[in-house]
Amino acid sequence: MAIAVWIVSGILAALYLAAGLMKSLRPKAALAPSLPWVDDYSAASVKAIGIVEVLGAIGLILPWLTGIAAMLTPIAASGFVIVQVLAIVVHMRRHENKSLPLNIILLLAALFVAIARFAGA
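This one's a predicted model, so the numbers in the text were calculated from it and none came from an experiment.

Enquirer: Looking at this model, I keep getting lost on the pattern of salt bridges. Mind explaining?
Expert: A pair can form between side chains of opposite charge whenever their charged atoms are brought close. Evaluation of the coordinates by the stated rule reveals three salt bridges. Two residues, R94 and D40, come together in a salt bridge whose shortest N-O distance is 2.7 Å. Residue R94 is found in the loop between α4 (72–93) and α5 (100–118), and its partner D40 is found in the loop between α2 (28–31) and α3 (43–66); the two are separated by 54 residues along the sequence. The exposure class assigned to R94 is partly exposed, which follows from its relative accessible area of 27%. Since its relative accessible area comes to 48%, D40 is described here as partly exposed. E96 is the partner of R94 in a salt bridge, and the nearest nitrogen-oxygen pair spans 2.7 Å. What makes E96 buried here is its relative accessible area of 15%. Each member of the salt-bridge network shares a partner with another, and the members are D40, R94 and E96.

Criteria and cut-off values
Residues numbered from 1 in each chain as written. Predicted model: local features only at pLDDT ≥ 70, side-chain atom pairs only at ≥ 80, totals over all residues. Heavy atoms only, no water. Salt bridge = Lys/Arg side-chain N within 4 Å of Asp/Glu carboxyl O. Helix = DSSP H or I, 4+ residues; strand = E, 2+ residues; numbered from the N terminus. Buried < 20%, exposed > 50% of the residue type's maximum accessible area, 1.4 Å probe, protein only.

This is the structure we're talking about:
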């Protein structure tokens, strides 16, 4: 079980790190062709979402790996559950149904990590 949690945590961290860096470093106009939802939000909001994703990706791995403030890892995973619930709401409002399966998979993966890490695995 511990290996599965590490694998899922690593995949989630890599995905959120890449997405977060893209949102926090690229201008909003450059993101719009591939992420049309950014048109509904300010540039600062998009960058804030990116920074949250980067910090969450770090939080999925480092605290548990180092044993320093290990409780931050399940909290980070729980934060990603919330991020995905909000992303699903945004995509449903915009009728972007193609995004929903990925959002649901990311939500379930983050929920798995959160439950496993809260249980101590």
